[in-house]
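Inside the fold
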Amino acid sequence: MTNDELFREAVKASERAYSKYSGFSVGAALLTDDEKLYTGCNIENSSYSLTNCAERTAVFKAVSDGCTKFRAIAVAGSGSGDFSKPCFPCGACLQVLSEFCGDEFTVVLSDGAYKLSDFLPMRFSEESMK
Ligand SMILES: [Zn+2]
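1. Considering the overall build of the protein
Within the protein, the regular secondary structure consists of four helices and five strands. Scanning the protein from its N terminus toward the C terminus, one meets helices and strands in the order α-β-β-α-β-α-β-β-α. Over its C-alpha atoms the protein spans a radius of gyration of 14 Å, differing by no more than 12% from the 14 Å that the globule rule assigns to 130 residues. Dimensions of the protein, computed from C-alpha atoms along their principal axes, come out at roughly 45 × 35 × 30 Å. Looking at the protein as a whole, 42% of its 130 residues are labelled buried. For the protein, the proportion of contacts with a sequence separation of at least 24, taken over those separated by at least 6, is 58%. Just so you have it, the protein exposes about 7,100 Å², and 52% of that area is on carbon and sulfur atoms. In the protein, 13 side chains carry a positive charge and 18 a negative one; their mean positions are 4 Å apart.

Here is the structure:
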């Protein structure tokens, strides 16, 4: 699957966003090492702090399905239907991704592909606790 195809899957996933409070819909498409696709959307809550991001929704779906090895994630977000502006993952999602993904893991946004290490060059990890 190409980065463009993965990004289109993220846009499609954003259509299922439960974003009644912000009106900002986000979709994520997570590609596993064995080419399975898991999508996620943001899921808001009237108690705002319980809102879950699209990226973490996709990761949690995959992990609960037994998949923990990932190649790339695409993220698309918009409040207007225009997905041309990059929607950067938040810190919480980057930390969750870093639990399963190394520095070279690809993050696809509307303006191109990045590496996880571009966003989170240093991070808390299993190694931090030793
Ligand atoms: Zn997030």
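Now that the structure is up, let's keep going.
2. Things to note about the coordination of the zinc ion
In an ideal octahedron of six donors the angles at the metal are 90 or 180 degrees, and in an ideal tetrahedron of four donors they are 109.5 degrees. Only Cys 53 (SG), Cys 90 (SG) and Cys 93 (SG) from the protein coordinate the zinc ion, and they sit 2.3 to 2.4 Å from it. One chain supplies every donor to the zinc ion, and in sequence these donors are spaced C-x36-C-x2-C. Highlighted residues: Cys 53 in the loop between strand E2 (37-41) and helix H2 (54-64) and Cys 93 in helix H3 (residues 91-100), separated in sequence by 40 residues.

3. Topic: the sheet that holds strand E5 (residues 112-115)
Spatially, E2-E1-E3-E4-E5 is the arrangement adopted by the five strands of the open sheet, whose pairing is mixed. Two strands close off the open sheet at either side, each with one partner strand: E2 and E5. The sheet shows a mean angle of 20° between the axes of neighbouring strands, direction not considered. As judged from the eight bridges shared by strand E1 (residues 25-32) and strand E3 (residues 70-78), these two strands associate in the antiparallel manner. Opposite Ala 28, over in E3, you have Val 75 as the bridge partner.

4. Considerations on the pattern of salt bridges
Side chains that carry opposite charge are capable of pairing whenever their charged atoms lie near each other. This model, assessed by the stated rule, comprises four salt bridges. In this structure, Arg 71 and Glu 35 form a salt bridge, with 2.3 Å as the shortest nitrogen-oxygen distance. You can see Arg 71 sitting in strand E3 and its partner Glu 35 sitting in the loop between E1 and E2, a full 36 residues away along the chain.

5. A closer look at H2
For H2, every residue scored as buried is listed here: Ala 54, Glu 55, Arg 56, Thr 57, Ala 58, Val 59 and Ala 62. In this fold, the buried residues of H2 make contact with E1, E2, E3 and H3. Phi turns positive, to about 95°, at Gly 66, one or two residues after H2.

6. Some words on the pairing of E3
Burial analysis of E3 places eight of its nine residues in the buried class, which makes it a mostly covered element. For E3 and strand E4 (residues 106-109), the ladder comprises three bridges, and the chain directions are parallel. Bridging from a neighbouring strand, Ala 74 pairs with Val 108 of E4. For the handedness criterion, the β-α-β arrangement of E3, H3 and E4 is classed as right-handed.

7. What to know about the pairing of E2
Among the five residues that make up E2, four are buried, leaving the element largely enclosed by the rest of the structure. Examined bridge by bridge, E1 and E2 share five bridges and lie antiparallel to one another. Across the sheet, residue Gly 27 finds its bridge partner in E2, namely Cys 41. Linking E1 to E2, which pair antiparallel, is a turn of four residues; within it Glu 35 sits at a positive phi near 70°.

About the criteria used
- Sequence positions are assigned chain by chain, starting from 1 and proceeding in written order.
- Confidence filtering applies because this is a predicted model: local features only for residues at pLDDT of at least 70, side-chain atom pairs given and counted only at 80 or more, and all residues used for totals across whole chains, interfaces and linings.
- Only hydrogens and water are removed before side-chain values are computed, so all heavy atoms of the structure are retained for them.
- Secondary structure follows DSSP: runs of H or I at least 4 residues long count as helices, runs of E at least 2 residues long count as strands, and numbering of each begins at the N terminus.
- As defined in this context, the radius of gyration uses C-alpha atoms, and a globule is described by 2.2 Å times the residue total to the power 0.38.
- For each residue, the accessible area found with a 1.4 Å probe, counting protein chains only, is set against the maximum for its type, and the residue is called buried under 20%, exposed over 50%, and partly exposed in between.
- Any pair of residues with heavy atoms lying within 4.5 Å of one another is described as a contacting pair.
- Each accessible area is a Shrake-Rupley result for a 1.4 Å probe, and residues are judged covered by the shown protein chains and nothing else.
- His residues and chain termini do not enter the charge count, which takes Lys and Arg as positive and Asp and Glu as negative.
- Taken as the charge centre is NZ of Lys, CZ of Arg, CG of Asp or CD of Glu, depending on the residue.
- Metal coordination here is assigned from N, O and S atoms located within 2.8 Å of the ion, or within 3.2 Å for Na, K and Ca; omission of water means that sites may look incomplete.
- Whether two strands pair comes down to DSSP finding at least two bridges between them.
- Structural elements are reduced to axes, namely lines fitted to C-alpha atoms, with helices fitted over the stretch in contact, and the angle between N-to-C directions of any two is expressed from 0 to 180 degrees.
- Put simply, a salt bridge is a Lys or Arg side-chain nitrogen that is within 4 Å of an Asp or Glu carboxyl oxygen.
- Crossovers are described as right-handed under a simple rule: with the strands pointing away from the observer, the path leading from the first strand over the helix to the second runs clockwise.

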